[in-house]
Amino acid sequence: MRLEKNRAGRNRTIGLTKREADALRPRLLTLDKKAAPEDIAGRIINQDLAAALPFLPDAFVDLLFIDPPYNLDKKYNSLKFKKSALDDYAAWMESWMSGLSRLLKPTASIYICSEWQTSTAVHLVARKFFKVRNRITWEREKGRGAAANWKNCAEDIWFCTVSDRYTFDLDAVKLKRRVIAPYTGGDGEPKDWERTGGGGFRLTHPSNIWNDITVPFWSMPENTDHPTQKPEKLLAKLILASSKPGDVVFDPFAGAGTSCVTAKKLGRRFAGVEIDETFCLLAEKRLALADKDSSIQGYSDGVFWERNTLQQQKRPPRGKG
């Protein structure tokens, strides 16, 4: 197990000491018999998904978030995932996707993450089990440039549902954007936007192109050493759009627990499965920290903000404070 390392003073990355790991380990769950929804509510299941699936309850999930290992050579602590042929990767996905569909309520929504090379395969597998409704593409602004190709700085999320009855709360996920060309009425007052000390802003309908997401890095309090950690802001959008308070969010590849932590912060129930113990313990630590701080970077006062605009908008006008 990799535990806390020495870090620079301003580095806010969440780590684990041995004492913390020993204290958190009893919280982890391993299934060896059929579980009821209340048995796994608010729990991280430290187990291989294939081993846990037969014991998970039927029809208990309102929102399924799937962020599987991408079809890339990648190391997750002691575990290594190797790139395979596209058909083999699709067959691997299908092997557990069929089992996950049993866990879903008839009104459930599903979000499946992918990178560009396997996005088409994810689509083909997903449509065998669900109704595919859209593809979200979000800008992943971190990453190195390529010498002989376009820099890869985007990932996809496929939005699916079990049926035509599903939750989608448009008002909960509107984005507050800076007004570039501010229109005013005859009285000089803003038209469909608001004037603030930091500039003009308007609420806009969310699209399937997201360029307001910041990938966690060392100075962010949500950051961990997980190599493919998703941002809490990204999960907040999916959870607020496709679930109601008290609904169950389930993550079969929970990693360091971003989906579970964000669900908790937003008043949803949750459960997750993760094979790596260290990541499970990091998830448990983050869940405990969420009791003290339920903030989500980039989301404030019930509104999502464009990247790097929240502090400017909140700055008081000159001469006032």
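What counts and how
- Residues numbered from 1 in each chain as written.
- Predicted model: local features only at pLDDT ≥ 70, side-chain atom pairs only at ≥ 80, totals over all residues.
- Heavy atoms only, no water.
- Helix = DSSP H or I, 4+ residues; strand = E, 2+ residues; numbered from the N terminus.
- Buried < 20%, exposed > 50% of the residue type's maximum accessible area, 1.4 Å probe, protein only.
- Contact = heavy atoms within 4.5 Å.
- Salt bridge = Lys/Arg side-chain N within 4 Å of Asp/Glu carboxyl O.
- Phe/Tyr/Trp six-rings, centres within 6.5 Å; stacked < 30°, edge-to-face > 60°.
- Lys NZ or Arg CZ within 6 Å of the ring centre and 35° of its normal.
- Arc of directions from axis to C-beta.
- Axes fitted to C-alpha atoms, helices over the stretch in contact; angles between N-to-C directions.
- Parallel < 35°, antiparallel > 145°, perpendicular 65-115°, else oblique.
- Left-handed = near helix turned anticlockwise from the far one by under 90°.
- Nonpolar A, V, L, I, M, F, W, Y, C, P; charged D, E, K, R; others polar.
- Core = buried A, V, L, I, M, F, W, Y, C linked by side-chain atoms within 4.5 Å.
- Pairing = 2+ DSSP bridges.

## Things to note about the overall build of the protein
Along the protein, the regular secondary structure elements total 9 helices and 15 strands. Buried positions account for 50% of the 321 residues belonging to the protein. A separation threshold of at least 6 residues defines the contact pool for the protein, and within that pool the share at least 24 residues apart is 68%.

## Let's talk about the pattern of salt bridges
For the structure shown, the criterion picks out 20 salt bridges. In this structure, the salt-bridge partner of arginine 27 is glutamate 284, at a minimum N-O distance of 3.6 Å. Taken together, the residues span a long stretch of sequence, with arginine 27 in the loop between α1 (18-24) and α2 (37-40) and glutamate 284 in helix α8 (residues 277-290) at a distance of 257 residues. For arginine 27, a relative accessible area of 37% translates into the label partly exposed. Linking aspartate 164 and arginine 133 is a salt bridge whose minimum nitrogen-to-oxygen distance equals 2.6 Å. With aspartate 164 in the loop between β7 (154-161) and β8 (175-178) and arginine 133 in strand β6 (residues 131-139), this pair connects stretches of sequence that are 31 residues apart. When its relative accessible area of 31% is taken as the criterion, arginine 133 is described as partly exposed.

## Points about the packing of aromatic side chains
Under the counting rule described, the total for this entry stands at 12 aromatic pairs. The interplanar angle of 50 degrees and the centroid separation of 6.2 Å between the aromatic rings of tryptophan 92 and phenylalanine 253 together place this pair among those described as tilted. Taken together, the residues tryptophan 92 in helix α4 (residues 86-101) and phenylalanine 253 in the loop between β12 (248-251) and α7 (258-265) connect sequence positions 161 residues apart. Pairing phenylalanine 159 with phenylalanine 168 gives two aromatic rings, centres 6.1 Å apart and planes at 40 degrees, and the pair type is tilted. By way of ring pairs, the aromatic residues Phe81, Tyr89, Trp92, Trp96 and Phe253 are connected into one cluster. Directly above the aromatic system of tryptophan 210 lies the positively charged group of lysine 237, at a separation of 4.6 Å from the ring centroid. The lysine or arginine in question, lysine 237, covers the ring of phenylalanine 304, its NZ or CZ lying 5.6 Å from the ring centre.

## So, unusual backbone geometry
For alanine 59, which is not glycine, the phi torsion reads 45 degrees and is therefore positive. Among the secondary structure elements, alanine 59 is positioned in the loop between α3 (49-52) and β2 (61-66). With a phi close to 55 degrees, aspartate 301 is a non-glycine residue in the positive phi region. Positionally, aspartate 301 belongs in the loop between β14 (299-300) and β15 (303-305).

## Considering helix α5 (residues 119-129)
Here α5 has its buried residues at Ser119, Ala121, Val122, Val125 and Ala126. Looking down the long axis of α5, one finds its buried residues gathered within 155 degrees of arc, a one-sided arrangement. Among the exposed residues of α5, those pointing more than 90 degrees away from its buried face are Thr120, Arg127 and Lys128. As for α5, its buried residues are in contact with α4, β5 (104-114), β6 and β7.

## Topic: the packing of α7 against α8
A pair of packed helices is characterised by two quantities: the angle between their axes and the separation of those axes. Direction vectors running N to C along α7 and α8 enclose 15 degrees, while the axes themselves pass 9 Å from each other. Accordingly, the angle class assigned to the pair α7 and α8 is roughly parallel. Between α7 and α8 lies a crossing whose hand is right-handed. When α7 is examined against α8, the residues Thr258, Cys260, Val261, Lys264 and Lys265 are found in contact with a partner set consisting of Ala283, Arg286, Leu287 and Ala290. Residue composition of the contact of α7 with α8, by class: 5 nonpolar, 1 polar and 3 charged.

## Considering the nonpolar core
Counting residues in hydrophobic clusters, the biggest one holds 83 residues, and the most contacted among them are Ile40, Ile66, Trp96, Leu100, Tyr111, Ile112 and Phe250. If sequence neighbours within four positions are ignored, phenylalanine 250 has contacts with Leu56, Phe60, Val61, Leu63, Leu64, Phe65, Leu100, Leu103, Ala271, Gly272 and Val273.

## So, the environment of threonine 228
With respect to the helices and strands, threonine 228 occurs in the loop between β11 (209-210) and α6 (232-242). Classification of threonine 228 as partly exposed rests on a relative accessible area of 24%. Sequence-wise, threonine 228 and proline 69 are 159 residues apart; in three dimensions their C-alpha atoms are separated by 8.8 Å. Filtering out sequence-adjacent residues up to four positions away, threonine 228 remains in contact with Asp67, Lys74 and Tyr76.

## What about the environment of isoleucine 14?
Tracing the backbone through its elements, the reader meets isoleucine 14 in the segment before α1. For the pair isoleucine 14 and glutamate 222, spaced 208 residues apart in sequence, the C-alpha separation works out to 7.0 Å. With residues near it in sequence (within four places) discarded, isoleucine 14 still touches Arg7, Pro221, Glu222, Asn223, Thr224, Leu282, Lys285, Arg286 and Leu289.

## Focus: the sheet that holds β2
Taken together, the 8 strands give an open sheet; going across it, the order is β1-β13-β12-β2-β5-β7-β6-β11, and neighbouring strands pair in mixed fashion. Taken across any chain shown, the strands that pair with only one partner, and hence form the sheet edges, are β1 (43-46) and β11. In this sheet, β7 lies alongside β6 in antiparallel orientation, the contact comprising 8 bridges. Of the residues in β7, the one forming a bridge with isoleucine 136 is isoleucine 157. Its contacts with the sheet put α5 on β5, β6 and β7, and the angle it makes with β7 is roughly 10 degrees. This element, α7, spans β1, β2, β12 and β13 (269-274) of the sheet and lies at about 170 degrees to β13.

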